[in-house]
Amino acid sequence: MRRFAPWLLVCVLALVAGSLAEASWRRVRPSIPEIGRKDLEPTLGQGVLLGVLGGLRTVVADMAWIRSYVYWERRDRPGCEAFMRTSCALDPRARYFWENAALRVGLDMAHWEIRKRGGYNKVPAETQERLFRQYARKGLDVIEEGLQRAKGRTALLVAGGFLAEGKLKDLPLAANYYRQAADAEDAPWYAARFCADFDWNAGKKDEAYRWYRNYWLTRMRPRMDGSPDDLVRLREMEKELNLGLLERIPRQGWER
């Protein structure tokens, strides 16, 4: 009997572990969005399907993402994009997948298309610019979808602002993305400055100053250092707008 006791204990522990795993999956399953067929095409192979049915979606998502790097190195747009989309569909709350998929589409794939058409010396400049804009918009489409599904939004908003300004040259759109990022609890220090500067350079100078001023007074001044660099930029705006003394931000005790 003693010889069988260890095996009996192993069997009992296995049954307990299985029961706990099943109970955990039942609690987690309702919070995971359903995946439609169109989300997985054309990369829905047997391994992905087994991963979904086995509750290993995040693991398979990571594997699909690693696989996308192979196609990225080959400059294979359909393959790279398909595997990235598979990762996003399998683990839609993972902000990393959405952000980097958008940046790959928006930044890399236009260059691949240009090289495919003969290179920078053969493709006309206006065609190159059109391709950069086309793929930047596709990248922003990924950003917008990720904003609806991912757990973290701020990094996606920053990526959206980067694509809007860098590739589309759309300053109001870039300012809108950075404004949303600045309003987030985990706002990066530069988001408010970028938002104000893009609106300012787009011609909305008074609006840019009023928003930036209010943001500095409510979000930046209470910080330990008081965000002095941002106040310097606000002073420059006040000077260019030719504001009267009473219209300006009151002089701070630590200002020279």
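Each chain has its residues counted from 1, running along the sequence as written. Local features in a predicted model are, by the rule used here, given only for residues with pLDDT of at least 70; side-chain atom pairs are given and counted only at 80 or more, and totals for whole chains, interfaces and linings are based on all residues. Calculated side-chain values reflect all of the structure's heavy atoms, with hydrogen atoms and water omitted.

This part is about the overall build of the protein chain. Each helix corresponds to a stretch of at least 4 residues labelled H or I by DSSP, and each strand to a stretch of at least 2 residues labelled E; elements are numbered beginning at the N terminus. In terms of helices and strands, the protein chain carries 12 helices and 0 strands. Mapped in sequence order, the helices and strands of the protein chain form the string α-α-α-α-α-α-α-α-α-α-α-α. Buried residues are those whose accessible area, probed at 1.4 Å on protein chains only, stays under 20% of the maximum for their type, while exposed residues exceed 50% and partly exposed ones sit between those limits. Taking all 256 residues of the protein chain together, the buried fraction comes to 41%. Whether two residues touch is decided by their heavy atoms; if any such pair falls within 4.5 Å, the residues are in contact. Relative to all contacts within the protein chain whose residues are 6 or more apart in sequence, the contacts with residues 24 or more apart total 59%.

Attention shifts here to the confidence of the model for the protein chain. Of all residues in the protein chain, 79% have pLDDT values of 70 or greater, and the mean over the chain is 84. Contacts of residues 31-37 to residues separated by more than four positions or lying in other chains number 10 contacts, the stretch itself having pLDDT below 50. Every residue in residues 39-46 is under pLDDT 50, and counting partners more than four places away or in other chains gives 13 contacts. pLDDT is defined as a per-residue confidence score from the predictor, taking values between 0 and 100.

Below, the discussion takes up the packing of aromatic side chains. The aromatic pairing rule takes the rings of Phe, Tyr and Trp, using the six-membered ring of Trp, and pairs them if the centres are within 6.5 Å, calling planes under 30 degrees apart stacked, those over 60 edge-to-face and the rest tilted. Counted according to the given criterion, the structure contains 11 aromatic pairs. Relative to tyrosine 69, the ring of tryptophan 65 has its centre 6.4 Å away and its plane inclined at 90°; by these criteria the two rings are edge-to-face. Here the residue tryptophan 65 and the residue tyrosine 69 both occupy positions in helix α4 (residues 57-73), the gap between them amounting to 4 residues, near one helical turn. Given the relative accessible area of 34%, tyrosine 69 is considered partly exposed. Look at tyrosine 71 and phenylalanine 83: their rings are 5.5 Å apart centre to centre, the planes differ by 20°, and that puts the pair in the stacked class.

Positive phi is not limited to glycine here, since arginine 75 has a value of about 60°. Among the structural elements, arginine 75 can be located in the loop between α4 and α5 (77-90). Positive phi, normally seen in glycine, also occurs at lysine 169, with a value near 60°. With respect to the helices, strands and loops of the structure, lysine 169 is situated in the loop between α8 (154-166) and α9 (171-183).

Our focus in this paragraph is the pattern of salt bridges. Any Lys or Arg side-chain nitrogen located within 4 Å of an Asp or Glu carboxyl oxygen qualifies as a salt bridge. Overall, the coordinates contain 15 salt bridges when judged by the stated rule. A salt bridge links arginine 77 to glutamate 81, with the shortest nitrogen-to-oxygen separation between them at 3.1 Å. Taken as a pair, arginine 77 and glutamate 81 lie in helix α5 at a separation of 4 residues, close to a single helical turn. A residue is classified by how much of its surface remains accessible, and arginine 77, at 28% relative accessible area, is partly exposed. In this structure, the salt-bridge partner of arginine 233 is glutamate 236, at a minimum N-O distance of 3.2 Å. Of this pair, arginine 233 and glutamate 236 are both found in helix α12 (residues 228-241), 3 residues apart, which corresponds to roughly one turn of the helix. Relative accessible area serves as the criterion here: at 13%, arginine 233 is assigned to the buried category. One salt-bridge network, in which partners are shared between bridges, spans Arg193, Asp197, Arg233 and Glu236.

A cluster of nonpolar side chains, Leu56, Val59 and Met63, forms an exposed patch at the surface whose accessible area comes to about 290 Å². Along the polypeptide, leucine 56 turns up in the loop between α3 (46-53) and α4. Each patch is built from residues lacking any salt bridge and having more than 30% relative accessible area; the joining distance is 9 Å for like charges and 5 Å for nonpolar side chains (Val, Leu, Ile, Met, Phe, Trp, Tyr). Surface accessibility in these figures is a Shrake-Rupley result with a 1.4 Å probe; residues are shielded only by whichever protein chains are displayed.

The next subject is helix α10 (residues 191-201). Burial within α10 is extensive, with 8 of its 11 residues counted as buried. For α10, the full list of buried residues reads Ala191, Ala192, Cys195, Ala196, Asp197, Phe198, Asp199 and Trp200. Lining the buried residues of α10 we find α8, α9, α11 (205-220) and α12.

This part takes up the nonpolar core. Take the buried residues of types Ala, Val, Leu, Ile, Met, Phe, Trp, Tyr and Cys, join any two whose side-chain atoms come within 4.5 Å, and each joined set is a nonpolar core. Grouped together as the largest cluster of nonpolar side chains are 63 residues, with contacts concentrated most on Tyr212 and Leu234. A per-element tally of this core places helix α6 (residues 95-116) first, with 10 residues. As used throughout, domain bounds are those supplied by an automatic or database domain assignment. Formed jointly, this core draws a minimum of three residues from each of two domains, domain 1 (33-92) and domain 2 (182-256). Here tyrosine 212 is in contact with Ala192, Arg193, Ala196, Met220, Asp230, Arg233, Leu234 and Met237, once residues within four sequence places are set aside.

Right, let's talk about the packing of α5 against α6 for a bit. Orientation is described by lines fitted to C-alpha atoms, with helices fitted over the stretch in contact, and by angles between N-to-C directions that extend from 0 to 180 degrees. At a closest axis distance of 10 Å, the pairing of α5 and α6 adopts a crossing angle of 170°. Considered as vectors, α5 and α6 are oriented roughly antiparallel to each other. Packed against α5, whose contacting residues are Arg77, Cys80, Glu81, Met84, Arg85, Ser87 and Cys88, the element α6 presents Phe97, Trp98, Ala101, Arg104, Val105, Met109 and Trp112 at the interface. Of the residues belonging to the contact of α5 with α6, the class tally is 9 nonpolar, 1 polar and 4 charged. To sort the angles, those under 35 degrees are grouped as roughly parallel, those over 145 as roughly antiparallel, those from 65 to 115 as roughly perpendicular, and the leftovers as oblique. By the convention adopted, Pro, Cys, Tyr, Trp, Phe, Met, Ile, Leu, Val and Ala count as nonpolar, Lys, Arg, Asp and Glu as charged, and the other residues, Gly among them, as polar.

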